[in-house]
Amino acid sequence: MSSPVPALRATNSPAAPIDVLTADEAQIEGIADVAQLLQSSTAASGSAQVNGAVSSAFVSNGGTGAETLSLRGLGANRTLFLLDGRRAGPSGTRGSVSAFDLNSIPLAAVERVEILKDGASAVYGSDAIAGVVNIITRKDDGGVIDGFISTPEKGGGEVFRLSGTYGKSFDKGSIRGTADYYKSRKLARGDRDYLDCGEAYAFNPNGGGRADVIDPRTGEFQCRDLLWGHVWIYDYAGADSNIPDTFPYLAQYDYDGFLAQYLPQYPAATDPFQLTVPSGFYPIYYDQNDIDGLAAWDGITVGDEARGLVDYDHPFQNAETLQPEVERITFLLSGEYELTDNVTAYGEALYNRRETFNDSYSQFWSYHYGEDSRGLFGGSGMNPEPSAQGWTGLQWFSPTAITDRNDEKVVVEYQRYVAGLRGDFGGFLDGFSWDLAYQYSDSQGDYTEDFIYGDAIYDYNFQTSLCADINGGVTSVTGTPCVDVPWFDPELLRGNYSQEVEDFLFTRETGDTKYTQSSLEGYITGPLFELPAGTLSGAIGFLYQEDEITDTPSDIVLAGNAWGASSAGITTGKQEQTAFYGELEVPILADLPLVESLTLAASGRITDINTVDETGDNYRLALNWQITPEFRLRATQGTSFRAPGLFELYLADETSFVRQGLIDPCINWGDAGTPAIVQANCAADGIPDDYVGGAITANLFRGGGLGLLEPETSDNFSAGFVYTPSYIDLSFAIDYFDIEINDEITTLTAAQILDGCYTSQSFPNDPLCSRFDRNAPDANDANRITDVRAQFINVASQKSEGLDFTARYGHDTKWGRLTVEAQATHQLEAYRVTLENSPVEDTNGEYGEPKTTGYVNFNLDTETPWSFFWGIDYIGDTDQTERNSEDLASTLYGVPVRYKWYTEETIYHTFSAQYDADDWTFRAGVANVFDEHPPAVSDSDSGNSLIVSQYDYLGRRVFLNISKRF
């Protein structure tokens, strides 16, 4: 493993397991970039990674389009990245930039990647809790022009790459330059049938087939994606209502004439309090359990098929991004020059620009009275509602429309520069070498998003006059002249609206993020003295590092005027750290029976970081025992240290809203089944046992924990053996790893905060009880939770424990040299304990966390210009039945069903062939040969597929790679 102390690293016989991945191997497998190469390694494939699909579907550190690596599932900010042995600064967008973005370095620049699968903060510094990834760039002479294209059989997700690299050595130095262009087209949900229709995927509980509702308009199972085009009805007519209790409070417009065939119209109103709706709107079922009691009006009999008529699957979703469109350009220049016989200067410059586009859609809604409130809601007289013609009675309404104005474009420019000197000492320090390097990285990111103006909706909720008569005819925040939006117009509800309405409601705004990192690092290493078993070597070094972030959200977010989105402030902060480290490699025994060699490496590090009070000190011991030439044992034991990252310290408060029923454990605490400690603590807080919860949502504030956070620490242990018999070309290794993080830094949900408080033995003095506010019993809206503060805090622990298996076998056949390489990781435990008294959250074997992953690769090198590759990637099964059964009822519209909450084992095959002709190399192959689809589950993210990093969403695809050397 190349490191700050290279003289002490024995790559061919390390004391800790190291994976070496080469760019040549990636190309023969049809791998297009560094992210795909690293995330497919077994140290990563057993846990959920952030790739393009994940960062587009969910809020992820680094923003949309970021691709990171989380070794052992412990988080990308706990994996240290090096480029040629020196730190690589983070990049991305938004306030939670924390890790190196794998988009930043092209595959064309890479010779190999070394992955140290062991906690190593004592040698490599903070953030190396889970391990270290060192990307080694090409240093050879000559040039290569390389072109790559991958085309899925069914279209969508095509990849094109063109790169060139050239290196030249001369008398006193060398220089190399690389240029790379990468483009991938988006994969939309509509491009694959397993992504575009989210069915209930329910089954008859006693065996048999599917229990999904059929949509009579298509004759297929109902697609359940996002409700659209409806008007929600809130009926206050009470006993005088003309709406039967069995009627759904959801009106849907009959766009295609089907509803009239299956559904009754609304009953006629007989007094002003009763509901009337315009022609074309029908009562539609969304999730009500009892449809049989719905009366038949006008002779129409309503059956179960009525449930399938809900507009639940808008055409907008077919264009939604599953994997984003990405375009990257990269330039890398590196070189070195011998200043004297003993001193060499070197430098690196990297520029990377990434554009990511994400296409999405969303609901939006408002609240209104009917066309004539008639003083029914406390007013008097006739108050015309301009947009609600035909909607009358003692009701209010919420028209829910849909829009495809919900896109995002991210542009990140990343620059990294390194300047250094290295050399050898002479005289009495002969044999010692030194290195001094300065590294600076700068990430500038812009994120442009579609928003809905909050004041364009909030100002005119429950309006009783034309908007020109409200707020002087302009919106309260932006001062925009108002527009009377036709909220009840069926065309607006389905996403069609005028340019005037679009300009009034929607905007596109940009936020920006700047993250800089600079470091100065130096070390001296060399032989200290001779021992009977060999030379004792040592190294000492230092690191000074500064990190700084400034994230400025768009103006609409800063003003809190983005409808349906959280508000956020400017995140800005700076951190400085100073570290001193040392290492000794001690040969203990050699050339004895059963001890060919026994070596101990001991390292230690002291780290001081200005944002925390504690000084971190770590150690690491690594034992390497070569018993015989064929058999070797290895083990490491140590501690690691990670200070809070900038976003964990300084993230400006993000404000959102949560429902009382989702967070307050004191609601109806008198009910049977409520834990006794919760009953006692809620009673002590003065809350009635039949408290039904507040009527208004609580404010949730999520932000940094400056002044509250302590550094994370961890204990790391690994042990294994390596067997390399001399009579056969075979190597085999098994390694055990155990990493436990203490005082893990994370944020809690609002529900976790309140539950932790009211289940605490030290209530009300538990620190969690100070993180929320509740109204007094005698206040208006008594006992309501008003604010919850979810800053980053230290929680109890996180653990990852498992086994790595590695094997390699070579054999000469009549067709050529056959090499078989296999690797697997089996996770024994993976869990988190959030609070000291919290239950264990065991995710091992659940979605995104298969217990076992691995691969087997077959390479056949013939004596001709041809060579062949067959690769098999294995992803173990996962099962979330136990967790989901506790949280989700196994019913569909009130009918008992059986859901599929597990995934089968999944196997992908890749075949390719390579032909070498003079200076040309031609590679062609097929990835996902058998067109294996992601396993289907009931609680899916897209279609019936989970969005997790292990699965292939593109399907079978052909790839072609042509290289020309010169």
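In case you missed it, the structure is sitting above this.
Right, let's walk through the structure included here. (Residues numbered from 1 in each chain as written. Predicted model: local features only at pLDDT ≥ 70, side-chain atom pairs only at ≥ 80, totals over all residues. Heavy atoms only, no water.)

## Topic: the sheet that holds strand 31 (residues 654-658)
And step 1. Judged by pairing direction, the sheet is mixed, and its five strands sit side by side in the order 26-31-32-37-36 without closing on themselves. Pairing within the sheet leaves two strands with one partner each, and these edge strands are strand 26 (567-568) and strand 36 (772-774). (Pairing = 2+ DSSP bridges. Helix = DSSP H or I, 4+ residues; strand = E, 2+ residues; numbered from the N terminus.)

## As for the state of the cysteines
And step 1. Tallied over the entire structure, the rule returns four disulfides.
And step 2. The disulfide partner of Cys197 is Cys223, and the gap between their sulfur atoms is 1.9 Å. On the sign convention where negative means left-handed, the S-S torsion of about -105° between Cys197 and Cys223 marks this disulfide as left-handed. Placement of Cys197 in the loop between strand 9 (187-188) and strand 10 (202-203) and of Cys223 in the loop between strand 12 (220-221) and strand 13 (230-235) is noted, with a sequence separation of 26 residues between them.
And step 3. Accessibility expressed as a relative area gives 13% for Cys197, which makes it buried.
And step 4. At a sulfur-sulfur separation of 2.1 Å, the disulfide partner of Cys757 is Cys769. Across the disulfide from Cys757 to Cys769, rotation about the S-S bond amounts to roughly 105°, and the bridge is consequently right-handed. Of this pair, Cys757 sits in helix 14 (residues 750-758) while Cys769 sits in the loop between helix 14 and strand 36, placing them twelve residues apart in sequence. The two residues Cys757 and Cys769 agree in class, both being buried.
And step 5. Here the chain pairs its bonded cysteines, counted in sequence order, in the arrangement 1-2, 3-4, 5-6, 7-8. (Disulfide = S-S within 2.5 Å. Buried < 20%, exposed > 50% of the residue type's maximum accessible area, 1.4 Å probe, protein only.)

## Structural notes on the packing of aromatic side chains
And step 1. Summed over all chains, the structure comprises 34 aromatic pairs.
And step 2. Taking 5.0 Å as the distance between ring centres and 55° as the angle between the ring planes, the aromatic pair formed by Trp866 and Tyr915 counts as tilted. Residue Trp866 is found in strand 43 (residues 866-875), and its partner Tyr915 is found in strand 49 (residues 906-917); the two are separated by 49 residues along the sequence.
And step 3. A relative accessible area of 40% means that Trp866 is categorised as partly exposed.
And step 4. An aromatic cluster is present here, built from Trp228, Tyr253, Tyr255, Phe281, Trp391, Phe397 and Phe488 joined pairwise through their rings.
And step 5. Across the ring face of Tyr182, the terminal group of Arg328 is positioned such that the distance to the ring centre comes to 3.8 Å.
And step 6. Here the basic side chain of Lys900 rests over the ring of Tyr902, its NZ or CZ set 4.6 Å away from the ring centre. (Phe/Tyr/Trp six-rings, centres within 6.5 Å; stacked < 30°, edge-to-face > 60°. Lys NZ or Arg CZ within 6 Å of the ring centre and 35° of its normal.)

## Focus: the nonpolar core
And step 1. Membership of the largest hydrophobic core comes to 43 residues, with the highest contact counts inside it found for Val231, Phe364, Trp391, Trp487, Phe504 and Leu505.
And step 2. Looking at this core, the elements with two or more residues in it are strand 13, strand 21 (395-403), strand 23 (433-452), helix 7 (455-458), helix 8 (490-493), helix 9 (499-505) and helix 10 (555-558).
And step 3. Those residues in contact with Phe364 that sit more than four places away from it in its chain are Pro399, Thr400, Ala401, Ile402, Thr403, Ile452, Ile457, Trp487, Leu505, Phe506 and Trp563.
And step 4. The next biggest cluster of nonpolar side chains, apart from the first, holds 35 residues, and it includes Leu259, Leu263, Val937 and Val948. (Core = buried A, V, L, I, M, F, W, Y, C linked by side-chain atoms within 4.5 Å. Contact = heavy atoms within 4.5 Å.)

## What about a negative patch on the surface?
And step 1. Together, Glu829, Asp842, Asp877, Asp879, Glu882 and Glu905 make up a negatively charged patch on the protein surface.
And step 2. Residue placement: Glu905 occurs in the loop between strand 48 (902-903) and strand 49.
And step 3. Residue Glu905 is classed as partly exposed on the basis of its relative accessible area, which comes to 46%. (Patch = residues over 30% accessible without salt bridge, like charges linked within 9 Å, V, L, I, M, F, W, Y side chains within 5 Å. Areas by Shrake-Rupley, 256 points an atom, 1.4 Å probe, with all protein chains shown as cover. Salt bridge = Lys/Arg side-chain N within 4 Å of Asp/Glu carboxyl O. Lys, Arg positive; Asp, Glu negative; His and termini not counted. Charge placed at Lys NZ, Arg CZ, Asp CG, Glu CD.)

## Things to note about the sheet that holds strand 2 (residues 79-83)
And step 1. Strand order in the open sheet made by the five strands is 1-4-5-2-3, with mixed pairing throughout. Each having just a single partner strand, strand 1 (18-22) and strand 3 (86-87) make up the two edges of the open sheet.
And step 2. Across five bridges, the pairing between strand 1 and strand 4 (residues 110-116) is antiparallel. Looking across to strand 4, one finds that Ile18 is bridged to Leu116.

## Digging into the side chain of Ser121
And step 1. Topologically, Ser121 is positioned in helix 5 (residues 121-124).
And step 2. Accessibility expressed as a relative area gives 1% for Ser121, which makes it buried.
And step 3. With sequence-adjacent residues up to four places away left out, Ser121 is seen in contact with Ser126, Ala128, Ile129, Arg605, Asn618, Thr639, Ser640 and Phe641.

## Quick look at helix 13 (residues 676-684)
And step 1. By the burial criterion, the buried members of helix 13 are Val678, Asn681 and Cys682. Take helix 13 and look down its axis: the buried residues cluster within an arc of 100°, on one side only. Helix 13 presents Ala676 and Ala684 as exposed residues on the side facing more than 90 degrees away from its buried surface.
And step 2. Following helix 13 by one or two positions, Gly686 adopts a phi angle in the positive range, close to 80°. (Arc of directions from axis to C-beta.)

## Looking at the environment of Ile402
And step 1. The topology assignment puts Ile402 in strand 21.
And step 2. Residues Ile402 and Gln363, 39 residues apart in the sequence, show an inter-C-alpha distance of 4.4 Å.

## Focus: the environment of Leu543
And step 1. As for its placement among the helices and strands, Leu543 is situated in strand 25 (residues 534-552).
And step 2. C-alpha of Leu543 to C-alpha of Tyr438: the two residues are 105 residues apart in sequence and 9.9 Å apart in space.
And step 3. Residues within four places of Leu543 in sequence aside, it is in contact with Arg87, Ser519, Leu520, Glu521, Gln577, Thr578, Ala579 and Arg605.

## Some details on helix 14
And step 1. Along helix 14, the residues classified as buried are Ala750, Ile753, Leu754, Gly756, Cys757 and Tyr758.
And step 2. In this structure, the buried residues of helix 14 make contact with strand 31, helix 12 (660-663), helix 13, strand 32 (698-702), strand 36 and strand 37 (785-789).

## Brief notes about the side chain of Thr906
And step 1. Structurally, Thr906 is set in strand 49.
And step 2. For Thr906, the side chain forms a polar contact with the main-chain oxygen of Glu904, separated by 3.3 Å.
And step 3. Look past the residues within four positions of Thr906 in its chain and what remains in contact with it is Asp873, Tyr874, Ile875, Glu932, Pro935 and Tyr951. (Polar contact = N/O pair within 3.5 Å; in protein donor to acceptor, adjacent residues only side chain to side chain.)

## Thoughts on unusual backbone geometry
And step 1. Cis peptide bonds are those with omega within 30 degrees of zero, and the linkage from Phe763 to Pro764 qualifies with 0°.
And step 2. Checked against the element boundaries, Pro764 lands in the loop between helix 14 and strand 36.
And step 3. Within the chain, Asn471 stands out as a residue other than glycine whose phi angle is a positive 55°.
And step 4. Tracing the sequence through the fold places Asn471 in the loop between helix 7 and helix 8.
And step 5. A residue is classified by how much of its surface remains accessible, and Asn471, at 42% relative accessible area, is partly exposed.
And step 6. Of note, the phi angle at Asn928 is positive, near 55°, even though the residue is not glycine.
And step 7. Within the secondary structure layout, Asn928 lies in the loop between strand 50 (920-927) and strand 51 (957-965).
And step 8. According to the relative accessible area criterion, Asn928 is buried, its value standing at 3%.

## Observations concerning the pattern of salt bridges
And step 1. Tallying each qualifying case throughout the model produces 52 salt bridges.
And step 2. We note a salt bridge from Arg416 to Glu348, for which the minimum N-O separation is 3.1 Å. Highlighted residues: Arg416 in strand 22 (residues 408-424) and Glu348 in strand 18 (residues 343-358), separated in sequence by 68 residues.
And step 3. Its relative accessible area of 12% is what places Glu348 among the buried residues.
And step 4. Put simply, Arg405 and Asp450 hold a salt bridge, and the shortest N to O gap is 3.5 Å. Of this pair, Arg405 sits in the loop between strand 21 and strand 22 while Asp450 sits in strand 23, and the two are 45 residues apart along the sequence.
And step 5. When its relative accessible area of 6% is taken as the criterion, Asp450 is described as buried.
And step 6. Through salt bridges with shared partners, a single ionic network connects Arg78, Arg642, Glu648, Glu712, Glu744 and Arg832.

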